[in-house]
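Below, each chain spelled out in residue letters.
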Amino acid sequence: MSALESANKIKAKFGDLISEPQEFRGEISIQVSDAERIFDICSFAKKQLGFDYLVDISSVDNYGEDPRWTVIYHLRGVASGRELRLKTDVSEEKSELPSVLPVWRTANWHEREIYDMMGIRFSGHPDLRRILMWEGYSYFPLRKDFPLAGKPTDLPGVAFTNPAPLEGGPFVTIPSSGDATGREPRVRTPEE
Amino acid sequence: MAQVQDIEISDSAARAAQATEELQEVQGEKMVLNMGPSHPATHGVLRIVLELDGEVITKADPDVGYLHRGDEKIAENMTYTQFIPYTDRLDYLAPLANNVAYALAVEKLLGIHDKLPPRCQYIRVMVAELARISAHLLGLGAFAMDTGAITVFLLTFTEREKIYNLAEAASGARLTTSYTRIGGVMRDIPPTWCDQVRQFLKEFAGALAEAETLLTRNRIWVDRLRDLGVVSKEMAVDYGLSGPNLRGSGVEFDLRKNQPYLCYKYLDFDIAIGSTGDCYDRYLVRMEEMRQSMRILEQCVNKIPGGSENKTNEPVCIQDGKITLPSKQKVMSSMEELIHQFMLVTEGVNCPPGEIYFGHENPKGELGFYINSKGGGTPYRLKIRAPSFINLSILGELLPGCMVSDVPVVLGSLDFVMGESDR
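What you are looking at is a predicted structure, and each value in this text was computed from that prediction instead of being measured.

What counts, and at which threshold
- Residues numbered from 1 in each chain as written.
- Chains lettered and ligands numbered in written order.
- Predicted model: local features only at pLDDT ≥ 70, side-chain atom pairs only at ≥ 80, totals over all residues.
- Helix = DSSP H or I, 4+ residues; strand = E, 2+ residues; numbered from the N terminus.
- Buried ≥ 20, exposed ≤ 12 C-beta atoms within 10 Å, placed from the backbone.
- Contact = placed C-beta atoms within 7 Å.
- Pairing = 2+ DSSP bridges.
- Axes fitted to C-alpha atoms, helices over the stretch in contact; angles between N-to-C directions.

## Regarding the overall build of chain A
Phase 1: For chain A, the helix and strand inventory stands at four helices and seven strands.
Phase 2: If you list the helices and strands of chain A from N to C, you get α-β-β-α-β-β-β-β-α-β-α.
Phase 3: The buried share of chain A, reckoned over its 192 residues, is 36%.
Phase 4: Taking the contacts inside chain A whose residues are at least 6 apart along the sequence as the reference set, 47% of them involve residues at least 24 apart.

## Things to note about the environment of Glu72 of chain B
Phase 1: Mapping Glu72 of chain B onto the fold places it in helix 2 (residues 71-75).
Phase 2: Classification of Glu72 of chain B by C-beta neighbours within 10 Å gives partly exposed; the count is 19.
Phase 3: The spatial distance from the C-alpha of Glu72 of chain B to the C-alpha of Arg381 of chain B is 7.5 Å, given a sequence separation of 309 residues.
Phase 4: Not counting residues up to four positions away in its chain, the partners in contact with Glu72 of chain B are Leu142 of chain A together with Leu382, Lys383, Ile384 and Arg423 of chain B.

## Some points on the sheet that holds strand 1 (residues 22-24) of chain A
All names here are of chain A.
Phase 1: With mixed pairing, five strands are arranged side by side in an open sheet as 1-2-5-4-3. Looking along the sheet, the strands with just one partner apiece sit at the ends: strand 1 and strand 3 (53-61). Each adjacent strand pair in this sheet contributes to an overall mean axis angle of 25 degrees, direction not counted.
Phase 2: Here strand 1 runs beside strand 2 (residues 27-32); their pairing, made up of three bridges, is antiparallel. Residue pairing for strand 2: Gln22 is matched across the bridge by Ser29.
Phase 3: Sheet strands touched by helix 3 (residues 107-118): strand 3 and strand 4 (69-76). Its angle to strand 3, the strand with the most contacts, is close to 10 degrees.

As structure tokens, then:
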């Protein structure tokens, strides 16, 4: 059974919830229209189709679009070698979707990381704490409206919280036809 | 008037039994011990909060993030080529393997990952395998030292030094190599490089055998490693372990075999797997992987297209002015090449919109890059699947039940790097 057949099986089971499988560079992706059902789809994929290995969960901030968040699951069957990508959109107001921790225990730290970096919550996760940033940090640094240079936080002495001395970095380039000063600003604000 | 009192003296076996009984009744308080973030056995800045009952661990909570640098955020703000030096600093024990992994991911997005010139593929395989040996050597040396066998550390570091020399000869840098480019490598290997690799392999075979005589059948080493930190097959898959930690549990999965990239399908090598999934199995798997890497290297130095001196002028980069930089000579003499060079340097490699995931078999496990592109020279989102991060997530389940003195052994056998885990 190929990855495409697996994707079609998921589509046959869940119907309109699942988009037509997309192929790009030999990888099959399907879009799940209702994030609330992601748990059911993942547990079906694991139990019925043999996707026993969760490679990764990623998240994308589609800043300025609605819905704002995309959460991406990379599934793999270790024995079969098949791979499948599940994607689902979550709106900014909701910013919450079910945890897949009961399906794959590796989801624990992945979901904590997404919560830490993007601020998307996973309902049913037993231990949704920050993982890379410290407890009490008030921002979600991978959001597109968080500046590269960082923001001062109100925890002086706990960590180095001033913007980095390079103020955005000398090698930070925006591809454009503008002049060098425009392409490589000393500080970049999110509006740019 | 003397008073007579009967006293009962039980025999020694009964006394011992009674003492044990009394001991078991003592309700000790649980102690919380903070191990790390700056502790020699945590190999960097890992902090583990241990809850102890006497010397037995009842709960362990690993705390990562002390080395977080925001690499994924940084990647969104620069061109694909500019991010290559940052990949050196992920798993800083095997920067060459990270370079290869990242370049292949971007090439997959461009759709050219299977069209690389053969010489480039062989060079990449060779540097990646050297990086694997180098990373396993450090892991082994530090592992043995934490367990009390310092001699092995000296042996492995002598060999690592030779690999650093090879990396320096190829890329010009020992640690921060940045050797690959999108669509090729920075420069061809020097003419004597293959002979240097042959020489290294000859010496390394002896050193590896010596390290093995010091450890593999060493009573103390075996007693400390065996049946400790057992990860079952199901648990390893469920926790998403990868690399030697997954194979140590008996799961036969190696991206070099299961999803062959570069020229691995033309090379002959075996995958080592363990049977019980304890620390000793993970150690044995790494030892065997080093031997298999030697096999791969031996085949590569003999089969590399163009030979070591490249007399036939095989290219090491894709010949496409929109992807790789033209030679200096051409930039100076041809208008078209000058424009290509200018566009590549200022705007970066123009990638199509789309999303890809590429996983590379790194020494520590599967280093994956998920790239979400909206077109242009910078990624919209770049997610790094760091094997060390995921391998560490099993600690909370693995450590309870162990003694405190077992912690360095379990950590050493998982072989992680915090630079990669925290990104």
